[in-house]
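If you want the building blocks of each chain, they are given just below.
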Amino acid sequence: MIFKVFAKDELTRLFEVLSVNRVVGPVQKGLDRKNRPIYSFEVVDNFDDLRLDYPSTLYPAKRYFLPFEETLSSFTLESGSWEKHVDYNVYQPQVMFGMHACDINALNKLDKVLINSVHPTPYYASKRRNMFIIGIECMPQPHCFCRSMGADTVQHGFDMFLTDLGDRYFAEILSSTAYNYLLKIKTMEASETDHQEYRQVVREKSSKFTTHVDTTDLTKILDMEFQADVWKQWGDKCLSCGTCANVCPTCYCYGVQETVDMNLQAATKTKQLYSCNLIDFAEVAGGHNFRPEAHIRLKYRYYHKHRGFVEAFEESLCVGCGRCGESCLANINVPEVIASVRYEE
Amino acid sequence: MPANLTYLGVELARPRVAFFELSSCEGCQLQLLNNEATLLDFLSLVEVVRFREGMTEAGDDYAVAFVEGSVTRADQELQLAEIRKKAKVMVAFGSCACFGGVNQLKNRFSDQEWVKREVYGDFHVDTQLARPISDVVKVDLMIYGCPVKKEEVERIVTDLLLGKAINHPKYPVCMECKANENICLFDLGEPCLGPVTRAGCDAWCPSNRMGCWGCRGPADAANIPQMARIMAEHGFSTETLLDRLECFGGFAAHVEEIRKKG
Ligand code: SF4
Ligand code: SF4
Ligand code: SF4
Ligand code: SF4
Ligand code: SF4
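Residues numbered from 1 in each chain as written. Chains lettered and ligands numbered in written order. Predicted model: local features only at pLDDT ≥ 70, side-chain atom pairs only at ≥ 80, totals over all residues. Heavy atoms only, no water.

Peer 1: How should I be thinking about the sheet that holds strand 5 (residues 64–68) of chain B in this particular structure?
Peer 2: Through backbone hydrogen bonds, the strands of a sheet pair up, either in parallel or in antiparallel fashion. All names here are of chain B. Taken in spatial order, the 5 strands line up as 4-3-5-6-7 in an open sheet, and their pairing is parallel. On the outer flanks of this sheet lie strand 4 (47–50) and strand 7 (141–143), each paired with one strand and no other. Adjacent strand axes in the sheet meet at a mean angle of 25° when their direction is disregarded. Both strand 5 and strand 6 (residues 89–93) contribute to a ladder of 5 bridges, which runs parallel. The partner of A65 across the bridge, within strand 6, is M90. Taken strand by strand, helix 1 (residues 27–34) contacts strand 3 (16–21), strand 5 and strand 6, and its axis lies near 135° from that of strand 3. (Pairing = 2+ DSSP bridges. Helix = DSSP H or I, 4+ residues; strand = E, 2+ residues; numbered from the N terminus. Axes fitted to C-alpha atoms, helices over the stretch in contact; angles between N-to-C directions. Contact = heavy atoms within 4.5 Å.)

In structure tokens:
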């Protein structure tokens, strides 16, 4: 690992150098009813629009990797025959300017399923591979429990990771692309003082976590509590609305639809992100629904995240970003659900 | 205009379709005329024999009947029975036809004579409670919305023609609202029925910063008790909830239950 430091205004330079590509970063999108700012990942043309000290975003950066809706293929229909066109929908390299550790960890988890599996998906892989990622250190919010999920730091899956040291950035360089880009701005070797200040920031971050999830033996506990009443209690509140999956940086389930144009000369195959909480998620041809009840669907959401995925990959499919709990109108959130399954207060 | 269509070399007959209006604002029919870019494609797909808003002739030979509006008069019941006899596919077109629509708001008043006097004065009008057309005849297909969404109607008609199954989203509006990455209206201090209303409109209202009023009726797993809790937690009264649930008639059964519980 190579470490560098550079003065804060050098970041503007770096932004300019990188902005020949499409740059996506955190910006303020609006204010809520209590006048608190709401942040979101948007295409950024102007460095001043970036809010690198953002606490968290309402939505993850998922749509730049896994759009909610994506055309998988289109067809030209001629009399008696047809032609298929496939497009992975990547037109230019993208720069992600300022992702938190949880969100980069989320991409690493998606990679396991969508790239390094038996059936890689080129639509995701092509976007992921054409991405330059700059991570940025953050301070935990009340809803963050990434520490519990081992996702508060990130080891790989990005190009460069920045930590704010007041008047300068401490940069962790992971890729040769990042190294070469940094040659275009003024940097210095990290000194012992920089190391010290970096450790100070890390200590401060560690002390700020207020929400924790106990994952000890969680797969076993979930197995034991498969029939527990708590699932029914949470299920009674669940709206089966899919919000949790839509704001989750690691949910990847989808459905596929084919539509024929009205002129009957063209057709498209479209993929739409779906959620295991939606009523027809487990409905099969013929109409049988394997999970007709809300509490069963909600339970399986938790089993996929905290049991199934752990058994397959030895890590959870939850990075502890807390977004699902923040957005769920029924206040269903991971820390409380897991605590209730463990019969903790 | 071609008499027949071909799809992948297979000949398909253009279905003869007719549009009818009962008690309605005709806004749903107007939706179809709205987008001129696709109107010609639509017209080449079907043979319209009756469409008051778009043509003067009125044919009597049709396979698909699109009926807009709710039933509010005795003669409309007879008209519906006649249409049903001729149509192979009876479509309830828009929320008035599906649930009674905005018209059924008058059903809230116990004194219907008073409603008549308020609205029509001394002018005699033979009007009854507003009902969905399924109260009178068997309906084969519902197209929800106040108004219907043109893109959805076009897709449904194309699928009908190709013999594909017609599926409505079973999930609620929130799903589409989140896909549009909106800020939730509850976070902005406004009420919204998105959590319990059937999707399909691409979260039309929330995407324009207006709360959903439930025009598409309940989603397949509408959790009304939880919706009521959410409204209360955000400081909205039961009346505000009922006003919204009652607006289009889709939640009539749920409203009755809430009122019974007091
Ligand atoms: S857990 Fe919450 S966000 Fe998820 S489907 Fe249920 S109500 Fe919606
Ligand atoms: S399950 Fe919830 S907390 Fe975990 S990664 Fe998804 S949105 Fe974040
Ligand atoms: S099964 Fe549910 S929790 Fe798992 S990825 Fe799919 S939507 Fe997300
Ligand atoms: S604005 Fe309405 S539809 Fe959108 S997420 Fe909030 S409750 Fe659901
Ligand atoms: S958001 Fe609600 S009221 Fe608005 S069009 Fe959609 S279903 Fe109708």
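Text resumes after the structure shown.
Peer 1: Explain the layout of surface pockets to me, please; I cannot follow it from the model alone.
Peer 2: Left-over empty space is what a probe sized like a water molecule reveals as it rolls over the atoms. In this model, the largest pocket occupies a volume close to 1600 Å³. Q257(A), Q272(A), R155(B), P169(B) and Y171(B) are, among the 42 residues lining the largest pocket, the residues nearest its centre. Those elements giving two or more residues to the lining of the largest pocket turn out to be strand 11 (254–260) and strand 12 (266–273) of chain A together with helix 6 (150–162) and helix 7 (173–179) of chain B. A total of 7 residues in the lining of the largest pocket trace back to one element, the largest contributor, which is strand 11 of chain A. Across the lining of the largest pocket, the residue classes break down as 15 nonpolar, 12 polar and 15 charged. Here the lining of the largest pocket gathers at least three residues from each of two domains, domain 1 (5–162) and domain 2 (173–261) of chain B. When its volume is computed, the second largest pocket comes out at roughly 980 Å³. Listing elements by their share of the lining of the second largest pocket, those giving two or more residues are strand 3 (37–43), helix 10 (323–327) and helix 11 (334–341) of chain A. No other element matches the 4 residues that helix 10 of chain A contributes to the lining of the second largest pocket. (1 Å grid on protein atoms, 1.4 Å probe; cavity = no way out; pocket = protein on both sides within 12 Å on 5 of 7 lines; lining within 4 Å. Points joined across faces, edges and corners; volume = space filled by probe spheres on them. Nonpolar A, V, L, I, M, F, W, Y, C, P; charged D, E, K, R; others polar. Domains from an automatic or database assignment.)

Peer 1: Sorry, what's going on with the interface of chain B and chain A here?
Peer 2: Where interface size is quoted, it is often the accessible area lost as the parts come together. Each partner contributes residues to the interface: chain B has 42 residues there, and chain A has 47 residues. When the buried surface of chain B facing chain A is broken down by residue, M175(B), K178(B) and E181(B) rank first, second and third, together holding 21% of it. Counting across the chain B and chain A interface gives 11 residue pairs in polar contact (both at pLDDT 80 or more). For the side of chain B that touches chain A, the secondary structure elements donating two or more residues are strand 1 (4–7), helix 2 (36–45), helix 6, helix 7 and helix 8 (224–233) of chain B. When the residues that make up the side of chain B that touches chain A are grouped by side-chain class, the tally is 22 nonpolar, 9 polar and 11 charged. (Buried area = accessible area lost by both parts, 1.4 Å probe. Polar contact = N/O pair within 3.5 Å; in protein donor to acceptor, adjacent residues only side chain to side chain.)

Peer 1: Just checking my understanding: could you explain the site of ligand 1 for this structure?
Peer 2: The environment of ligand 1 is made up of C238(A), L239(A), S240(A), C241(A), G242(A), T243(A), C244(A), N277(A), L298(A), C328(A) and I332(A). Grouping the constituent residues of the shell around ligand 1 by class yields 7 nonpolar, 4 polar and no charged. (Near = heavy atom within 4 Å.)

Peer 1: Could you clarify how one ought to interpret a nonpolar patch on the surface in this entry?
Peer 2: Taken together, the side chains of M1(A), F3(A) and L174(A) make up a nonpolar region of the molecular surface, amounting to roughly 280 Å² of accessible area. Examined against the element boundaries, M1(A) turns out to sit in the segment before strand 1 (2–7). (Patch = residues over 30% accessible without salt bridge, like charges linked within 9 Å, V, L, I, M, F, W, Y side chains within 5 Å. Areas by Shrake-Rupley, 256 points an atom, 1.4 Å probe, with all protein chains shown as cover. Salt bridge = Lys/Arg side-chain N within 4 Å of Asp/Glu carboxyl O.)

Peer 1: Hey, could you run me through the site of ligand 3 in this one?
Peer 2: Lining the immediate surroundings of ligand 3 are C251(A), Y252(A), C253(A), S275(A), C276(A), R301(A), H304(A) and K305(A). Classifying every residue of the shell around ligand 3 gives 4 nonpolar, 2 polar and 2 charged.

Peer 1: Sorry, what's going on with the pattern of salt bridges here?
Peer 2: Pairing is possible between side chains that carry opposite charge, provided their charged atoms lie close to one another. Under the counting rule described, the total for this entry stands at 46 salt bridges over all chains. The salt bridge partner of E16(A) is R13(A), with a shortest N-O separation of 3.9 Å. Here E16(A) pairs with R13(A), and both are found in helix 1 (residues 10–18), just 3 residues apart, close to one helical turn. For E16(A), a relative accessible area of 48% corresponds to the partly exposed category. On the accessibility criterion, R13(A) (38% relative accessible area) is partly exposed. The partner of E181(B) in a salt bridge is R63(A), and the shortest N-O contact between them spans 3.1 Å. Here R63(A) lies in the loop between strand 3 and strand 4 (69–78) and E181(B) lies in the loop between helix 7 and helix 8, a pairing that spans two chains. (Buried < 20%, exposed > 50% of the residue type's maximum accessible area, 1.4 Å probe, protein only.)

Peer 1: Hey, could you run me through the domain arrangement of chain B in this one?
Peer 2: Residues and elements named next belong to chain B. Under the domain assignment, chain B is made up of domain 1 (5–162) and domain 2 (173–261). Taken together, the contact pairs 16 residues of domain 1 with 15 residues of domain 2. Both faces considered, domain 1 and domain 2 share a buried interface measuring about 1200 Å² in area, 54% of it formed by carbon and sulfur atoms. Three residues stand out in domain 1 for area buried against domain 2, namely F99, R108 and K149, and they jointly supply 43% of the buried area on that side. Along the contact surface separating domain 1 from domain 2 lie 3 salt bridges.

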